[in-house]
Structures are given as C-alpha cells and as structure tokens.
Amino acid sequence: MTSLKKRSAREPSKSDDDSSDDDNYVPYIPIKQRKKMELQQLKQKLGQVGVLKEEEMMKKESSGTDEEKVTKRKLPTLDSSDDDDNSKGQLSDKEEEDDTIVPERDLGPMAQVSLLDQHNVLKKKAEARKETEREKMLREEEKILESVAETKALMAVSELAKGIEYTESIKTGWLPPRYVQEWSEETCEKIRKKHRILVEGENLPPPVKTFRAMRFPSPIIKALNKKGIVTPSPIQIQGIPTVLSGRDMIGIAFTGSGKTLVFTLPIIMFCLEQEKKLPFIRGEGPYGLIICPSRELAKQTFEIIQQFADCLTTAGYPSLRPCLCIGGMPVKEQRDMINQGTHIMVATPGRLMDMLDKKMINLHVCRFLCMDEADRMIDMGFEEDVRTIFSYFKGQRQTLLFSATMPKKIQNFARSALVRPVTVNVGRAGAASLHIVQEVEYVKQEAKMVYILQCLRRTPPPVLIFAEKKQDVDAIHEYLLLKGVEAVAIHGGKDQEERSRSVEQFKKGEKDVLVATDVASKGLDFEGIQHVINYDMPDDIENYVHRIGRTGRKGMQGVATTFVNKSVDESVLLDLKHLLKEANQKVPAFLMLMESETEKYLDIEGEVGCSYCGGLGHRIADCLKLQAMQTKQAQGVGRRDYLAHNSADW
C-alpha cells in the first residue's frame, strides 16, 4: 500500500495529465533554435549597443552585402493563446532542412560581413591599440629623459653665477673667395647634398671644395699633398670654413673621415695670425687649447700640429710652439715649455686641471677651445670638470666639439655651451664606416685564444686586437709571443714610457700586432691597418664603432672580426644586429633569430633606437648604459679604464 502511494506521488495519473494538457504543454524546440532564441534575449538585455556599432562599421567595409535580401521568418513563440496546437513553436520539415531562410542576424552579429572586411576592421583596431602603446612609450621616455637631463648648462661656473650669456660669434679675418661668396643657398645645398653633409644652424658658412680656396698657405697645402691628402673630405668641406668663420661647431662624422684636420688647421692659422700681429712672450699663452680623453690621442694630435708648424717655419713663417700636457710625463719638462710662451696646448683633462689649479698655466688669452671625442668626456659624468676648465677663461671663446658618436641627448646638452652653433653631420652619429667588412662569429670563451691565430692568417699585418680587460690584454700578448708573433700591448695599467714605446714600434712597422684595451680605440690613426679583432664584444656599441674604426680609414678597405658568445648581453647583440643591417653587412643566423619585444618601436617620431646612447637595437627604457650610469652615480664607482681615467692619466 505504501509503495503504491509513493508511486502515485512520483507519477501523476493519466487523468491529471489529460486535464492540464492544454494549459501546460511546451512544444519541443531543437537545440540549435533554442540557442538562437537565448542569443536574441541576451541582445535585448544588453541593448546591442557595442555589437551593432561594430556590425555597422563592418557593413561599411563590406561591398554589396546591403543589396542581398534574406527571407526572414518569425521565430516560434510560447503564446499559449494560439488555438492551433500543431503550429505552436513547431518547425515544418522544410524549415528544419533549409537553413538559408533563417535570418543572417540570427546566425550571429557578423553573419552579413565577409571575413576579409572583418579582418580589415580588426586590423584597424590593432593599429589604434598600437598607437596608444606608442604614445604611452613616448610619455615614459620623456620622463626618463627629463630625469637624466642636466639642469645646468655646460658653461663656466662664474658665467652661470653672473648670468653671462654670449649672443654673437667671435669675429675672424677669414673670408672665402669672392666666387664662393656669390654662391646662392641653392648651390651650397647642392654641394652638401652631393657629399651627404647635413648642417643645422643659422647663417651657415658656405662649403668650400678645395684647400686652396680655403686660403691656406702653400707650405700647408704641400704638407697635405705629401700625406696623400689632395681634396678635402666631406666633414672638411663644410667644417673647416665653419671654424675659420669663427662659429662654434659640433662635428660628427664616421671614424677615419679627417675630423682632426678640421680643428688643427684653423687653430694653426689663428695662432699664426696672432704671432704675426704681436709675438708671444715668455709665459704667455696658450691661444688655442685642445682637450683629448686619452694620452695616446693627445700625443697623436700634438705630433700632427708639430708637423704643420715645422713646415711653416721651414718656409719662413713665424715659429709656432705647441705644447703637450699629459699624465705620465715629468711636469717640469712641460712647465719649461710653457714658460717659453706657447701658442697651442694639447692636454688630457686631469693634467690640465692639475696645472691650472697649481697656477702653472693660465687661459687669460685663450680664445679657441676644442674637445676631441667630446661625448666621451661629457657622457661619462665629467661635466663639472669641463665647467671648471671653462671657468679659467677670461672672455668668450670659440668652442668646438668633435666625435664619431654623439647621441641627440649629448648634442642638446653640449649646445648649451655654444654660441649660435653649427652642427655638421656626415652620416648618422654612431654609424660604422661603410669601408669596413664586419664579421661576427660565435666563439666559445675557452676557444677564443686559439682562434685568434686563425684570424691573424686572414690578412697581412699590421693587426689590432682589442680586449675589454687589462688581464685579457696581458694574456693575449703573452700567448702571441709564445707563438712567435711580434706583438706589443698597451693598457691603462702600464707606465707612459712603455705605452709610448709600444705605439711607436707598432706605427713604424717593427711590430705586427698591437693588443690594447679601449684606450687605443678613440681617434688613434695607424697607417695601413687591414684587420681589427675584437677578442670580446664591448658592453657599449659606441666602443665597438670606435674600435672597428681603426681600419677602413681614408677610403681604404678593412676587415673587423668580433667574437661573441652567450656571455654577451642580449641588448648589446641587438644593437650589433641593427648596426650590421644599417651598414649592409652579413648578419649571422644566430643574430637574425634574436628579437626583442620593443623592436617594433625602434623608430618612433623620427628618433631611431635609443636617444641616450644611440644604440639601434633598443629604446631608452631598456638602455643598459643609462642603468649603469645611474648605478655608478649611486654607488660612486671609479672611472673605467677604456677612457684611461686612472690617476696617472688625470
């Protein structure tokens, strides 16, 4: 009996079913149709705002879809008032078999839009998001640049304190030939365009295409011809007239392009003019000052000036007395030379500041200041040293800044020290010379030493080998000597006499190989270098450009071989990859496979790569050099060897 009651509770009786059949009957609806109904109800709740906008946008992209007409039918309803039980929510056999009569909107919001048009709209959305990401990155970079930008101008401390500001350039007695003065601006621009010279500034001096038209005396021209220099290089065509006109200048050109002559020849002519007007007496001078970051570069510049001064003296012109002031040499000899009266001084910053502080020299009559490899001194945190040197000047000076690598950030900061500056740029700042064949090879750390011998067999001597660390230089030097290779080595840990002797032997051809740290990579000119080997990749792409720039000079071809392995930072390798691409060099497969997340943003707002260091493979937010600089400033770490900034050099 109990079981019957339970069953009756679970299963309604036939009579109950019959009585409620008309009121509660729900017709069967296929799953496909139920999903469409649920979708329509959801659209009605949400208002279909976003979907309809997107649909309208895509319909505009679509062509011809508006003309297509689709037969629509009414969806089944749950209206219980309908008397026809066979038609309530039921689908006919024909309707179930034929889906084409179902309205396309019921198939989905994009049913009337082709896949191609949907792709175009999605692509536009992605581009809009990309622009937003770019704007966000630009805002972040602006903040970073503001945080690292110098708030004080690169001027003398006294000038900053008194608010002194020069508005007019120094006047000189030089004028170009009359036919050059009569050239129109269009003619000058054609010459610049032909030689790929980019110039910025106001009232630009005209380019001059010959040394004779620059009004140099015949002894100077003969000395140039003897060196094999017959016609000016692009940087000289525009740079020398700019300097002779008395204008402040920033000179940027690839290594081996002849930047040294742009400032040495004009300074010789200015000093010659001063000596003829009023001879220099004992203790007077210098009239011109050239600052170099390393002893070797300072000595090389001094020797060039001495050669031209000797040529003038031999031809009967007044005698000019250049002076070399660098660390590692007795101060007494340098002081005796200065006491005789000097016209031109070539110095390293440390020795110069030491002598100024001890009042061994003064800059009262100095009117000509040149900083070679200027970005290295400014960029590595020596702004205060430069301001201190500026403070010893007693009047306005003509200031020249030269380098092969000078990022925009350094250029903008350097302009604060210049009056109506002219920027002369031949090629991109930091670009490698196109005369160099750059080879990059993956070599394991333990195999590097042996592989050097294989590389030496590729070209005849002389060959330069660069290493980052002093101990690596000594190890390579010792290994080559054991293998019978005539080699010498220099780095910041050796005394000046040994360094000078090694460089001299290498220049004279007595030694075949020179092994060095980056003290030999800035501006040094060695005749006939056919091969540069980088034992390790420097952690700064600018140092790489300077290193390989020791070959491929004066229009000659050269080869640069660089060893890399997994110890090299990925950011540096990406910079190297894009530098090779820029110079149309062969990019190794392992470099081609390397990609960064920010590579698509390397060219934004006309600024290629990093605005801080000039690297092409990253943006400023990922700049290792900036991070290292900030860490160094926080920790107070000493200066690195590649600038020869040890106590002896300074």
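Computed from a prediction, not measured in an experiment: that's the story for all the values here.

A. Focus on the overall build of the chain. A tally of helices and strands in the chain yields 26 helices and 16 strands. A total of 650 residues make up the chain; the buried ones form 50% of that total. Across the chain, contacts joining residues at least 24 apart in sequence account for 75% of those joining residues at least 6 apart. As displayed, the chain has an accessible area near 32,900 Å², and 51% of this comes from carbon and sulfur atoms.

B. Representation of the packing of aromatic side chains within the structure. Evaluation of the coordinates by the stated rule reveals eight aromatic pairs. With a centroid separation of 5.7 Å and 75° between ring planes, the pair formed by Tyr442 and Phe590 is classed as edge-to-face. Linking Tyr442 in strand E9 (residues 436–442) with Phe590 in helix H25 (residues 589–592), this pair joins segments that are 148 residues apart in sequence. Given a relative accessible area of 46%, Tyr442 falls into the partly exposed group. Aromatic pair Phe506 and Phe526: ring centres 5.3 Å apart, planes at 75°, arrangement edge-to-face.

C. Expanded view of helix H12 (residues 234–244). Among the eleven residues that make up H12, ten are buried, leaving the element largely enclosed by the rest of the structure. Of all the residues in H12, the buried ones are Ile235, Gln236, Ile237, Gln238, Gly239, Ile240, Pro241, Thr242, Val243 and Leu244. Two residues or fewer after H12 comes Gly246, characterised by a positive phi angle close to 90°.

D. The arrangement of the sheet that holds strand E4 (residues 322–325) in detail. Ordered in space as E1-E8-E2-E7-E6-E3-E5-E4, the eight strands form an open sheet in which the pairing is mixed. For this open sheet the edge positions go to strand E1 (197–200) and E4, each flanked by a neighbour on one side alone. Within the sheet, the average angular offset between the axes of one strand and its neighbour, ignoring direction, is 15°. Pairing analysis gives four bridges linking E4 to strand E5 (residues 344–347), with the strands arranged parallel. In the sheet register, Cys325 faces E5, and the bridge partner there is Ala347.

E. Examining the side chain of Arg547 more closely. As for its placement among the helices and strands, Arg547 is situated in helix H23 (residues 541–548). For Arg547, a relative accessible area of 0% gives the class buried. Looking at Arg547, its side chain comes within polar contact range of the side chain of Asn534, at 3.4 Å. Setting aside residues no more than four positions away along its own chain, Arg547 makes contact with Phe466, Ala467, Glu468, Asp518, Ser521, Val532, Asn534, Asp536 and Pro538.

F. Looking closely at the pattern of salt bridges. Scanning the model with the defined rule gives 16 salt bridges in all. For Glu185, the salt bridge goes to Arg192, with nearest N and O atoms at 3.1 Å. What emerges from the salt-bridge pattern is a single network uniting Glu468, Asp518, Asp536 and Arg547.

G. Just helix H18 (residues 383–390), in detail. In terms of burial, H18 is largely enclosed, as six of its eight residues are buried. Among the residues making up H18, those that are buried are Glu383, Asp385, Val386, Arg387, Ile389 and Phe390.

H. Representation of the sheet that holds strand E10 (residues 463–466) in the model. Read from one edge to the other, the open sheet built from six strands follows the order E9-E14-E13-E10-E12-E11, with strand pairing classed as parallel. Edge strands, defined here as strands with exactly one partner in the open sheet, are E9 and strand E11 (487–490). Across this sheet, the average inter-strand angle for adjacent strands is 15°, counted without regard to direction. Pairing of E9 with strand E14 (residues 558–564), which is carried by seven bridges, proceeds in the parallel orientation. If you follow Ile436 over to E14, its bridge partner there is Gly558. With respect to the sheet, helix H21 (residues 470–482) is in contact with E10, E11 and strand E12 (513–516), its orientation differing from that of E11 by roughly 170°. Relative to E11, helix H22 (residues 496–508) is tilted by about 140°, and along the sheet it contacts E10, E11 and E12.

I. The arrangement of the pairing of strand E3 (residues 288–291) in detail. Side-chain alternation along E3 places Gly288 and Ile290 on one buried face and Leu289 and Ile291 on a second face that is also buried. Pairing geometry for E3 and E5, over four bridges, is parallel. By the bridge assignment, Ile290 is partnered in E5 with Val346. Where E3 meets strand E6 (residues 368–372), four bridges bridge the pair, whose relative direction is parallel. Note that in E6 the partner of Leu289 across the bridge is Leu369.

J. Representation of the nonpolar core within the structure. Of all hydrophobic cores here, the largest spans 69 residues; its most connected members are Phe211, Phe216, Leu265, Ile290 and Phe308. For this core, the element with the highest residue contribution is helix H13 (residues 259–277), accounting for ten residues. When residues no more than four places from it in sequence are discounted, the contact partners of Ile290 are Phe263, Ile267, Thr301, Ile305, Ile344, Met345, Val346, Ala347 and Cys370. Ala156, Met355, Leu363 and Met371 belong to the second-largest nonpolar core, a separate cluster that totals 29 residues.

K. Just the confidence of the model for the chain, in detail. Mean pLDDT over the chain: 78, with 72% of residues reaching 70 or higher. Contacts for the low-pLDDT stretch residues 1–21, under 50 throughout, to residues beyond four places or in other chains number two contacts. Long-range and interchain partners of residues 637–650, a stretch whose pLDDT sits below 50, account for 49 contacts in this model, where long-range means more than four residues apart.

L. Highlighting the packing of H12 against H13. As a packed pair, H12 and H13 sit with axes 9 Å apart at the nearest point and diverge in direction by 30°. The angle between the axes of H12 and H13 places the two elements in the roughly parallel class. The two elements H12 and H13 cross, and the hand of that crossing is right-handed. Listed contacts from H13 to Ile235, Gln236, Gly239, Ile240, Val243 and Leu244 of H12 are Lys259, Leu261, Val262, Leu265, Pro266 and Phe270. Residues of the contact of H12 with H13, tallied by class, amount to nine nonpolar, two polar and one charged.

Quick notes on the rules
- Residues numbered from 1 in each chain as written.
- Predicted model: local features only at pLDDT ≥ 70, side-chain atom pairs only at ≥ 80, totals over all residues.
- Heavy atoms only, no water.
- Helix = DSSP H or I, 4+ residues; strand = E, 2+ residues; numbered from the N terminus.
- Buried < 20%, exposed > 50% of the residue type's maximum accessible area, 1.4 Å probe, protein only.
- Contact = heavy atoms within 4.5 Å.
- Areas by Shrake-Rupley, 256 points an atom, 1.4 Å probe, with all protein chains shown as cover.
- Phe/Tyr/Trp six-rings, centres within 6.5 Å; stacked < 30°, edge-to-face > 60°.
- Pairing = 2+ DSSP bridges.
- Axes fitted to C-alpha atoms, helices over the stretch in contact; angles between N-to-C directions.
- Polar contact = N/O pair within 3.5 Å; in protein donor to acceptor, adjacent residues only side chain to side chain.
- Salt bridge = Lys/Arg side-chain N within 4 Å of Asp/Glu carboxyl O.
- Core = buried A, V, L, I, M, F, W, Y, C linked by side-chain atoms within 4.5 Å.
- pLDDT = per-residue confidence, 0-100.
- Parallel < 35°, antiparallel > 145°, perpendicular 65-115°, else oblique.
- Left-handed = near helix turned anticlockwise from the far one by under 90°.
- Nonpolar A, V, L, I, M, F, W, Y, C, P; charged D, E, K, R; others polar.

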